[in-house]
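Reading the structure
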Amino acid sequence: MDRISYDSNSKTITVDLTGINLESNEGAKLLQEVVSAEDRYDLSVGDTVETLGGIVGVNPVKNLDRNPDSRYNYRNPPGKIPTDLPKFGIDAQVAYNPNYYNGFGISQRSLTTAQIPLEYTVYFHEPAEAYAKVQNTLQYAQAHARAHDRERRLREQRPLLRLHNFGSGGLADDPAKPANNTIIRR
Ligand SMILES: [Zn+2]
């Protein structure tokens, strides 16, 4: 924790990566990548997030980037609408609502023998996916899968994480490990 500081005036988190071997620390590596990128990544923590089309709710995650997204091809006209895009000046907007599961009577439970994901693995997954979408111009499904693979590496580096489901949700892990599905119960 000595490495992390937060300036509430500039709303900036500063992380000292000095001396960390990035090849054995996937989290530090991801941070290094997003701060070194030419694109601007923004992390929002809270119930709402600002988009190009105004403020929207976050239940529990938003991951918005400036690129075209084939998930919206079904629309007429096809493509994103302003609330699907990051606010002006930002290339990738990640938002997480930490109050979601404990507020409004919504709880998260695991469908597997593993425990629910640690919150920080969600904070790992979403920027990793955003980076894959913007830096590597991958569509959502491929970007999600790449971020899931990176989380696998993180779990190899931090064995305690294997007691938990993936922060990426959704995708099944290898058969030797519990699947990672979660369900929301209202
Ligand atoms: Zn994802």
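Residues numbered from 1 in each chain as written. Predicted model: local features only at pLDDT ≥ 70, side-chain atom pairs only at ≥ 80, totals over all residues. Heavy atoms only, no water.

1. Quick look at the environment of Tyr-123
What counts is decided by this rule: Secondary structure elements follow DSSP: runs of H or I no shorter than four residues count as helices, runs of E no shorter than two count as strands, and numbering proceeds from the N terminus. With a 1.4 Å probe rolled over the protein chains alone, any residue whose accessible area is under 20% of its type maximum counts as buried; one over 50% counts as exposed, and the rest are partly exposed.
Looking at the element boundaries, Tyr-123 is found in helix 2 (residues 119-134). For Tyr-123, a relative accessible area of 26% translates into the label partly exposed. Tyr-123 sits 96 residues away from Gly-27 along the chain, and the two C-alpha atoms are 9.7 Å apart.

2. Overview of a nonpolar patch on the surface
So the rule is basically this: What goes into a patch is any residue over 30% in relative accessible area without a salt bridge, connected to like charges within 9 Å or, for nonpolar side chains (Val, Leu, Ile, Met, Phe, Trp, Tyr), within 5 Å. The Shrake-Rupley method, run with a 1.4 Å probe sphere, supplies the accessible areas, and residue values consider only the shown protein chains as cover. Just to be clear on terms, a salt bridge is a Lys or Arg side-chain nitrogen sitting within 4 Å of an Asp or Glu carboxyl oxygen.
A grouping of Met-1, Ile-4, Tyr-6, Ile-13, Val-15, Leu-31, Leu-43 and Val-45 is seen on the molecular surface, where their side chains present a nonpolar patch of about 810 Å² in accessible area. Elements with a minimum of two residues in the nonpolar patch: strand 1 (4-7), strand 2 (12-15) and strand 3 (41-45). Judged by its relative accessible area of 84%, Met-1 falls in the exposed class.

3. A few points about the side chain of Lys-29
The following threshold applies: Under the rule applied, a polar contact is a pair of N or O atoms within 3.5 Å (in protein, one hydrogen donor and one hydrogen acceptor; residues adjacent in sequence only if both atoms are side-chain atoms). We call two residues in contact when some of their heavy atoms are within 4.5 Å.
With respect to the helices and strands, Lys-29 occurs in helix 1 (residues 26-36). Engagement of the side chain of Lys-29 in a polar contact is seen with the side chain of Glu-23, the distance being 3.4 Å. Excluding residues that lie within four positions of it along the chain, Lys-29 makes contacts with Leu-22, Glu-23 and Arg-150.

4. A short note on the environment of Glu-119
Mapping Glu-119 onto the fold places it in helix 2. Along the chain, Glu-119 and Tyr-96 lie 23 residues apart, while their C-alpha atoms are 9.7 Å from each other. Discounting chain neighbours no more than four positions away, the residues touching Glu-119 are Tyr-96 and Pro-98. Side chain to side chain, Glu-119 and Tyr-96 meet in a polar contact 3.2 Å long.

5. Focus: the pattern of salt bridges
Going through the model one piece at a time under the given rule, you end up with 12 salt bridges. A salt bridge links Asp-42 to Lys-87; the shortest N-O distance between them is 3.4 Å. Of the two residues, Asp-42 sits in strand 3 while Lys-87 sits in the loop between strand 6 (61-65) and strand 7 (92-96), which places them 45 residues apart along the sequence. We note a salt bridge from Arg-66 to Asp-91, for which the minimum N-O separation is 2.8 Å. Residue Arg-66 is located in the loop between strand 6 and strand 7, and its partner Asp-91 is located in the loop between strand 6 and strand 7; the two are separated by 25 residues in the primary sequence. According to the relative accessible area criterion, Arg-66 is partly exposed, its value standing at 38%. In the salt-bridge network here, residues are joined through shared partners; they are Glu-26, Glu-33, Arg-150 and Arg-153.

6. Considerations on the sheet that holds strand 3
Condition: By the convention used here, strands pair only if DSSP detects at least 2 bridges between them. Every angle, taken between N-to-C directions, lies between 0 and 180 degrees, and every axis is a line fitted to C-alpha atoms, over only the stretch in contact when it is a helix.
Overall, mixed pairing links the 3 strands, which are arranged 3-7-6 in an open sheet. Of all strands in the sheet, those bounded by a partner on one side alone are strand 3 and strand 6. Each strand of the sheet is rotated relative to its neighbour by a mean of 10 degrees, with strand direction disregarded.

In short, shape yes, function no, at least from these values alone.
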